[in-house]
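# Structural characterization, general
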Amino acid sequence: MFVKELEITLENGMKISGELDLPERQGQWKTIILFHGSGPSDRHATVESMGGIVSRNFDLLSEGFVKARYAVFRYDKRENYDIEIIIRDAREVTRFVSGLSEVEGILFYGWSEGVRVCTTLVSDFPNAQALILQSGIAEGWSSYFSYILRELTVEKLKELDNNNDSILEISDFLNCIPDSTSISFSLYLLILGTDKEGNGTTSRKRTHKIDKF
């Protein structure tokens, strides 16, 4: 992995530090932008407890994506709780990354609250090649998640199906902001993209099944 340190100057003059992780020093790459979950977070998605580091999920994700021949951009989150500021920063980050010489195309990865961030950005960046929507699943919450899945998700997905063809497409998510009582928690991992023929594809991690939609 080759790491390029970068700094983004926002419209208000504040700065965001981040890094572009590359499979090789030279070339152009499809680039995955990682969007954080809620609360304080850095480019590693560091989680601390009892004075020690519990996990750094973005390090693991970046390593895996780079091995699969994608570049990854991740950054130190500036705002912890104001979702409008978080989305505004994410929008400026995406514009910056899209203009880098190493970037061939962009893909969005949203973790937990990042699901809301990247789905909000879709209308601003319609050329995004894929969405990876992943929510945090906590042990001991099975009844809550079952309720969401059985009672809420089906109705929400029906609402998203704009042309009533029972097929969900990326365009159906343009005006969708998932939250903890709709899609983001009820689907553990949702990937929206296109195959080599340009057909829409979706994949859910629980089933490892890929269907055209």
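Conventions adopted
Residues numbered from 1 in each chain as written. Predicted model: local features only at pLDDT ≥ 70, side-chain atom pairs only at ≥ 80, totals over all residues. Heavy atoms only, no water. Phe/Tyr/Trp six-rings, centres within 6.5 Å; stacked < 30°, edge-to-face > 60°. Helix = DSSP H or I, 4+ residues; strand = E, 2+ residues; numbered from the N terminus. Pairing = 2+ DSSP bridges. Core = buried A, V, L, I, M, F, W, Y, C linked by side-chain atoms within 4.5 Å. Buried < 20%, exposed > 50% of the residue type's maximum accessible area, 1.4 Å probe, protein only. Contact = heavy atoms within 4.5 Å. pLDDT = per-residue confidence, 0-100. Arc of directions from axis to C-beta. Salt bridge = Lys/Arg side-chain N within 4 Å of Asp/Glu carboxyl O.

## Here we look at the packing of aromatic side chains
Counted by the stated rule, this structure contains five aromatic pairs. With a centroid separation of 6.5 Å and an interplanar angle of 85 degrees, the aromatic rings of Phe 58 and Tyr 109 are classed as edge-to-face. Note that Phe 58 is positioned in helix H1 (residues 57-67) and Tyr 109 in strand S7 (residues 103-111), a separation of 51 residues in sequence.

## Things to note about the pairing of strand S1 (residues 2-9)
As paired strands, S1 and strand S2 (residues 15-22) are joined by eight bridges and run antiparallel to one another. Directly across from Lys 4, in S2, lies its bridge partner Leu 20. Following S1, the chain reverses through five residues before pairing antiparallel with S2; Gly 13 in that reversal takes a positive phi of roughly 90 degrees.

## Focus on the nonpolar core
A general tendency of soluble globular proteins is for nonpolar side chains to be buried together. Counting residues in hydrophobic clusters, the biggest one holds 31 residues, and the most contacted among them are Phe 35 and Phe 108. When residues in this core are grouped by element, the largest group, six residues, is from helix H2 (residues 83-98). Beyond its immediate stretch of four places on either side in the chain, Phe 108 contacts Ile 33, Phe 35, Thr 94, Cys 118, Leu 121, Val 122, Phe 125, Ala 128, Ala 130, Leu 131 and Ile 132. In terms of nonpolar packing, the next biggest core, distinct from the first, is built from 11 residues, Phe 65, Val 66, Val 72 and Ile 132 among them.

## Some words on the confidence of the model for the protein chain
Mean pLDDT over the protein chain stands at 81; residues scoring 70 or higher make up 73%. The secondary structure element of the protein chain with the lowest average pLDDT is strand S11 (residues 209-212), at 32, and the one with the highest is strand S6 (residues 71-75), at 98. Per-residue pLDDT stays below 50 along residues 184-188; that stretch engages in 24 contacts with residues further than four places along the chain or on separate chains. Across residues 205-213 the pLDDT falls below 50, and counting only partners more than four positions away or on other chains, this stretch makes 26 contacts in the model.

## Structural notes on the environment of Asn 175
Topologically, Asn 175 is positioned in the loop between helix H4 (142-160) and strand S9 (189-194). Its relative accessible area of 78% is what places Asn 175 among the exposed residues. Expressed as a C-alpha distance, the spacing of Asn 175 and Thr 119, which sit 56 residues apart in the sequence, is 8.2 Å.

## Regarding H1
Within H1, burial applies to Phe 58, Ser 62, Phe 65 and Val 66. Down the axis of H1, the buried set is contained in an arc of 95 degrees. They therefore lie on one face. Away from its buried face, by an angle of more than 90 degrees, H1 presents the exposed residues Leu 60 and Lys 67. The inward-facing, buried residues of H1 contact S2, strand S3 (29-35), strand S5 (52-56), S6, S7 and strand S8 (131-134). Of the residues trailing H1, Arg 69 is marked for its positive phi of about 75 degrees.

## So, the pattern of salt bridges
Applying the stated criterion across every chain, the model contains 12 salt bridges. The shortest N-O distance in the salt bridge between Arg 43 and Glu 5 comes to 3.0 Å. Of this pair, Arg 43 sits in the loop between S3 and strand S4 (46-49) while Glu 5 is found in strand S1, placing the two residues 38 residues apart along the sequence. Judged by its relative accessible area of 54%, Glu 5 is exposed. Note that Glu 63 is salt-bridged to Lys 67, the shortest N-O span being 3.4 Å. Taken together, the residues Glu 63 and Lys 67, both in helix H1 and four residues apart, mark about one turn of the helix. The class for Glu 63 is partly exposed, based on a relative accessible area of 38%.

## Some thoughts on unusual backbone geometry
In this structure, Arg 69 takes a positive phi of about 75 degrees despite not being glycine. Turning to its location among the elements, Arg 69 is positioned in the loop between H1 and S6. At Ser 112, a position not held by glycine, the phi torsion is positive, near 55 degrees. Its place among the elements puts Ser 112 in the loop between S7 and helix H3 (113-121).

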